[in-house]
Amino acid sequence: MKRFRRHAHESQRERLKQELFHFNKTVEHGFPHQPSALGYSPSLQLLAIGTRSGAIKLYGAPGVEFMGLHDENAAVTQVHFMPHQVELVTLLDDNSLHMWTLRGHKGISELLEIGRFMLTGPPGAPPSVTSVTAVLAHSSGELLLLGTEGGHVFVVEVPGFRELEERNISLDQITNSIPDDYLGRRNLEHVEALVENPINPSQVVIGYGRGLMVIWDLEKKNAVQHLPATQLESMWWTEDGSHILSSHSDGSYCRWRVGGPEEEEEEEEKSDIPYGHFPCKAISKIVQLPTEEGPPFLLFNGGMPRASYGDRHCITVIHGKTHVALDFTSRIIDFFVIRSGPQHTGDPSALVVLVEEEVVVIDLQTEGWPVIQTPYLVPLHSSAITCSHHVSAIPLKLWERIITSGELQNAHYSKKPWPIMGGQNLAPDPPQRDLLLTGHEDGTVRFWDASGVCLKPMYTLRTATAFHTDADPNDNMNPSAEGEWPPFRKVGCFDPYSDDPRLGIQKIHLCKYSGHLAVAGTAGQILMLEPNDEAAEHTVETKVVDLLQGQEGFRWKGHTRLNVREDPVEFPAGFQPFTLVQCQPPAVVTALSLHSEWKLVAFGTSHGFGLFDYQQNNNVFVRCTLNPSDQLALEGPLSRVKSIKKSLRQSFRRIRRSRVSLRKHHANNAAKIQEANARMEAELAEMELAPVQRKIEARSSDDSFTGLVRTLYFADTFLSDSTHHTPSLWAGTNGGCVFAYMIRLPAIEHRADEPVTAQPAKEIQLMHRAPVLGIVVLDGHGAPLPEPLEVAHDLARSPDMQASHHVVVTSEEQFKVFTLPKVSSKMKLKLTAVDGSRVRRVGVAWFGSSRTEDYGESGLVVLTNQGDVHVVSLPHVKMQVHYPCIRREDVSGIASCVFTRQGQGFYLISPSEFERFSLSTRFLVEPHCLVEPPFHSAPLSQHQPEPDGAHRIPQDGEEAESTARSIMEHALLNDEKVLQEIQKSLEGDQTSFLENSMKSAVA
Amino acid sequence: MNKTHRVPSSRSLSAVEVKSKFGAEFRRFSLDRSKPGRFDEFYGLLQHVHHIPNVELLVAYADVHGDLLPINNDDNYHKAISTANPLLRLFLQRKEEADYAAFGTDSLTRKKNTVLSAVLLRPDANKKKPPVIISLPKDFRPVSSIIDVDILPETHRRVRLYKHGQEKPLGFYIRDGSSVRVTPQGLEKVPGIFISRLVPGGLAESTGLLAVNDEVLEVNGIEVAGKSLDQVTDMMIANSHNLIITVKPANQRNNVVRCGGGGGAASGSSGRSSDSGASYYGYSAHGAVASMPTHIIQNFSAGELESDEDEDLVIEAGGEAEAIRHAPSDYSIPSVPRYEPHLNLRSHFSSAYSINANGTLHGSGSSGSPNNINANSASPSPDRAKERRSLEEDGTVITL
């Protein structure tokens, strides 16, 4: 009977777990790592980025995001939207072509791969014959022209990827149709570029690597014209169809007149090496766009003088007399120009440049061509991220102050709205305002709006202004000298170089109610800041705190303290520092906690911890946790002994990892067995060469860095007896030691003059000596104590102070619950002893039930070194759920993880991207968006191939015809019923097609 | 031990020559080997012949191996008489002069005859170098043990290392490797974790139960298959205060051999195992000339495995340090309840002794670990066991 009841209880608990917890990776924030291709659809207003890892990401209006991943782990080399359709084609570096579509499903769109294709040449042909080098998505939306390394152009019908052999343009056909005198001289080489005539879709120009350009008529299957040039890089057909621009590897570009077929003798109308005289680098892409009145825009990529500026990454924009060489900080992948007007055929309005580390959008309609701030795709890593901190549910007042400060900073950005507005964001407004703060290597703290799908930059705080640094802060801002040639202009915010590593931010703590912000850095500096809406000039109060407390015989070999500017400093509006604490020795701050209600800040380093009263600017106490035998802790973060050991270990790991990745890249070849053998051999050889050994030894008090303070926590709880609760400070060290201090605060009216005192109350040495990562006190109900000021602002239930409190200590190995005030172990959960994983991150989160609004419970959210996330219940420390989240090899991803109070989390999947995940069933932030097929073109019959297989090539009168049709379509689509029918037929078509492609993929 | 002393023993079968030394004085007398009488009678006789009627004495004799062994009960008295060949050399000491008198009459010292008699005879030397003491089994601190012999396959060995309160490092390294498994599909290579190195002087090495290239199968009852080297490392470190590893020894020759289906008598099976254990010790004794191993074969219930003895140390404000004990079941492994009072255990135990007797005593003495010092005192029960074994030996002597 009893057992039966327990059973019922367990199944009930299981059900509850399902209502509370659900793991989901929801969205990726930031900038895609290693982008390799760019595409844009003017009709959809969607931007597509392909990456070297085979991901394809689509972006439209803020909040409209899609992501797809190719099964092949190959780089995406080209992305092309099918004109006026929701399909796009990607080319991978394994020569496979993939068709993607945005399919509507339950009111939202999703990105789906609907087909794949690999060119097959005639039997026995060398692979170069079918190796695709150029792709042209024909404006008919039904054809793909594929230029290959062998010089052939294959014509493929899409979306089904049906080869139209009779329409292929072979090299022979080309050679037969142009004069022999040209051919006799040289081989044509590969197809470098394919461009369609903007006014006559039946004409395409085929550009060969050697420089020959042939205008080919797809209908008549003959060459219209040929244009001989030197080594070709790219081509552009001007909008009126009258000229072709070609760019070349010697840094020159040429303008060619397109004449009728009868004009055999064609001369170069204009040839220019823009940065000439000395040898120049290639111009890899050239674009010319007309304006309604005035000269056209000419944009090209590269062409810099090889010797002096060969290392610059430049795009030159020439418009009339204005000539600017936009100088980017990383390699240019690709660029495109957005044109204004309803049909996107008007004046160029914005230049979008994808460089390796960011996307830069230049407003071409505003004087001075300012940069438009991107609402997404922001490089998180403009300086490397060193830490992050998440604050949920920001009060509106603070939120607005941050936004205002941020707007003041962004004055130099263009006022123009974001030009890429495709799709509709259907996601509901975020229920609360969440803030993600990232600390960076250069001493900045960035504030991000993390409430929704778009991680929007809000405000940037620079802490370096409070210090003297070697570099002049205005160094990079200086505009280029007058008359410099080329006329460079620095653009982009990616700047990975830090002048002083000591400025790096290590810990951040923001109190959302008071607005107080504590920021701690690499050189033991702790800055206390508060928001100010006005710029102000003042000096920062500085206190040096000696954490060694007269410990003898220690010599700090690390970096020196930062030099504080003693003169008054002009601080811009926003968070302004008012107090600075500097630890001595100036070791990196490893723990930080702020209690804004008590106006106390606690900080810890590898030497000890201290408590600082920032109202009176007075240090309350310092505790040295240093183990006298610990030599490493003295030497600072740049210890040679450690670094050699570490670098050796890392290099071994790297070797191993590279082998793993090499293995991954090998596709399922016929030589699979051979590969497996080789792998085994390699592994054996590796094993013999470098036997990776692990020492099994119990932790001892003599281990290095046992005194390093890992966590600090303020709590109002029972430390001395069970009737009086007092403020307390808790600290946990790397050596498994927990210190508790009782704090005596003077009465409110004397807070400013009477000193705050503290006395040691408890010390717990965990027997297993594992590093203490988290401390949390539970109230009488077993719920975690609320945050400071939370109760005062009526945002939390006041804690239960009647029943006894407990303290939960999370070490790397165990979760232990101790009673208070008499500390005795009550419960525990062992993690490492059971499954060998160790806790890396721990946070407290509240989980609401998805079924009933009023039920929820708190739990510990845990990330282990195996990359798994666990939820541990409170107060019983029972394992609830666990999910694999991060690859265990991804050490930086695991180290970067930060949890929110609502059971979500962020971690870095690359230096520039946060992955957002959620453990909660109630709080989810994920994209919810719809992209509708463009109305104005796309004939309705596009999905019903004509029975005879003949394809209608749009003729010259197309333009007028299509506009007429689009009007009719509008009328049709306004009729609900018709719309539904069309939708149905479209979807039916697509699903059956999907099935087919799936079958072929299986076969 | 054969021809040379078989001749005299056959010559004077009935009489035993006794040479008793007290301080600088010698007394010689003889006893009837067939009727030695009881120990208290013998004790009275000694007091009488030395003319020290009211002096409390410690009586010791030199055995055939030259070890100094105590005589303090009937059993070891009989053994002393029976093994005398033909001379029985006795060494008497005042109890109050002996530093170890506090340990009670049951304690005995054993040292190499040649060295120790000299030491014993000079009280000043005695003070400089306190004799090694062996205490009762309950005072032993187990260092390692083989457990779960009856439930594991013969090819596996489950070893428990007791790290608690010890200064000695666990002292071993593990590595990745691959082992060959027999599967229905044939031989298959699977990744495994292996012991790669033993630190000289470490706990792992001194037990002699773990060796390089032993495959680690389980850590505290949890299989390591599918776990990474780092995970297994962390598991071992997390369990380091009470580490139980199940290994497949690389050297399968020294395995515990069980008799098949022997009536379920645990004593029977472990009796056999203790025999082979003894041979194992012989092996390890010359293999690793290190300190004395103290192994106990025992079976643990799951609960006992779970029992954990990490007592966190709590210092209350201004107060004394105090260890947290949570549940009554949470004692720190006291050795007594861990012992199974089987005869075979004791005989096993005694075989451990035999190594000491064979000359590893110095190693243990100089290693200075308090456990080892403790381990060198003894109690009646191992003594009885010792007698058993010697009786068996006698048997062989007789048949020879």
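- Naming follows an unreviewed UniProt entry, where chain B appears as Par-6 family cell polarity regulator beta of Nothobranchius furzeri.
- As recorded by UniProt, the Sequence similarities (unreviewed entry) comment attached to chain B reads in full: "Belongs to the PAR6 family."

## Details of the pattern of salt bridges
Stage number 1. If you walk through the whole model with that rule in mind, you get 37 salt bridges over all chains.
Stage number 2. With a shortest N-O distance of 3.1 Å, A:Glu356 and A:Arg52 are connected by a salt bridge. Highlighted residues: A:Glu356 in the loop between strand S27 (348-355) and strand S28 (358-363) and A:Arg52 in the loop between strand S3 (46-51) and strand S4 (55-59), separated in sequence by 304 residues.
Stage number 3. Of the residues examined, A:Glu356 reaches a relative accessible area of 17% and is grouped as buried.
Stage number 4. Across the salt bridge formed by A:Arg116 and A:Glu72, the nearest N and O atoms sit 3.3 Å from each other. Highlighted residues: A:Arg116 in strand S9 (residues 108-118) and A:Glu72 in the loop between strand S5 (65-69) and strand S6 (76-81), separated in sequence by 44 residues.
Stage number 5. Given the relative accessible area of 35%, A:Arg116 is considered partly exposed.
Stage number 6. A relative accessible area of 22% means that A:Glu72 is categorised as partly exposed.
Stage number 7. Within the structure, one salt-bridge network assembled from shared partners comprises A:Arg699, A:Glu812, A:Glu813, A:Arg838, A:Arg840 and B:Asp234.

## A look at the pairing of strand S5 (residues 87-94) of chain B
Residue and element names in this part refer to chain B.
Stage number 1. Here 6 bridges tie strand S1 (residues 15-22) to S5, and the two strands are oriented parallel to one another. Across the sheet, lysine 19 pairs through a bridge with arginine 89, a residue of S5.
Stage number 2. Judged from the 5 bridges that link them, strand S3 (residues 57-62) and S5 form a sheet pairing that is antiparallel. In the sheet register, leucine 58 faces S5, and the bridge partner there is glutamine 93.

## Re the side chain of A:Thr101
Residue and element names in this part refer to chain A.
Stage number 1. Within the element layout of this structure, threonine 101 appears in strand S8 (residues 96-105).
Stage number 2. Classification of threonine 101 by relative accessible area gives buried; the value is 1%.
Stage number 3. Among the polar contacts made by the side chain of threonine 101, one reaches the side chain of glutamate 87 at a distance of 2.9 Å.

## Points about the interface of chain B and chain A
Stage number 1. Each partner contributes residues to the interface: chain B has 40 residues there, and chain A has 41 residues.
Stage number 2. For the pair chain B and chain A, the two sides together bury roughly 3400 Å², of which 50% comes from carbon and sulfur.
Stage number 3. Of all residues in chain B, B:Asp234, B:Ile237 and B:Asp312 bury the most surface against chain A, accounting for 15% of the area lost on that side.
Stage number 4. The tally of links from chain B across to chain A stands at 2 salt bridges.
Stage number 5. Residue B:Asp234 is joined to A:Arg838 by a salt bridge in which the shortest nitrogen-to-oxygen separation is 2.3 Å.
Stage number 6. Applying the counting rule to chain B against chain A returns 12 residue pairs in polar contact (both at pLDDT 80 or more).
Stage number 7. Breaking the side of chain B that touches chain A down by element, the ones donating at least two residues are strand S8 (172-183), strand S9 (186-198), helix H7 (229-238) and strand S14 (313-316) of chain B.

The rules behind these values
- Residues numbered from 1 in each chain as written.
- Chains lettered and ligands numbered in written order.
- Predicted model: local features only at pLDDT ≥ 70, side-chain atom pairs only at ≥ 80, totals over all residues.
- Heavy atoms only, no water.
- UniProt positions renumbered as here; feature names shortened; annotations may be inferred.
- Salt bridge = Lys/Arg side-chain N within 4 Å of Asp/Glu carboxyl O.
- Helix = DSSP H or I, 4+ residues; strand = E, 2+ residues; numbered from the N terminus.
- Buried < 20%, exposed > 50% of the residue type's maximum accessible area, 1.4 Å probe, protein only.
- Pairing = 2+ DSSP bridges.
- Polar contact = N/O pair within 3.5 Å; in protein donor to acceptor, adjacent residues only side chain to side chain.
- Contact = heavy atoms within 4.5 Å.
- Buried area = accessible area lost by both parts, 1.4 Å probe.

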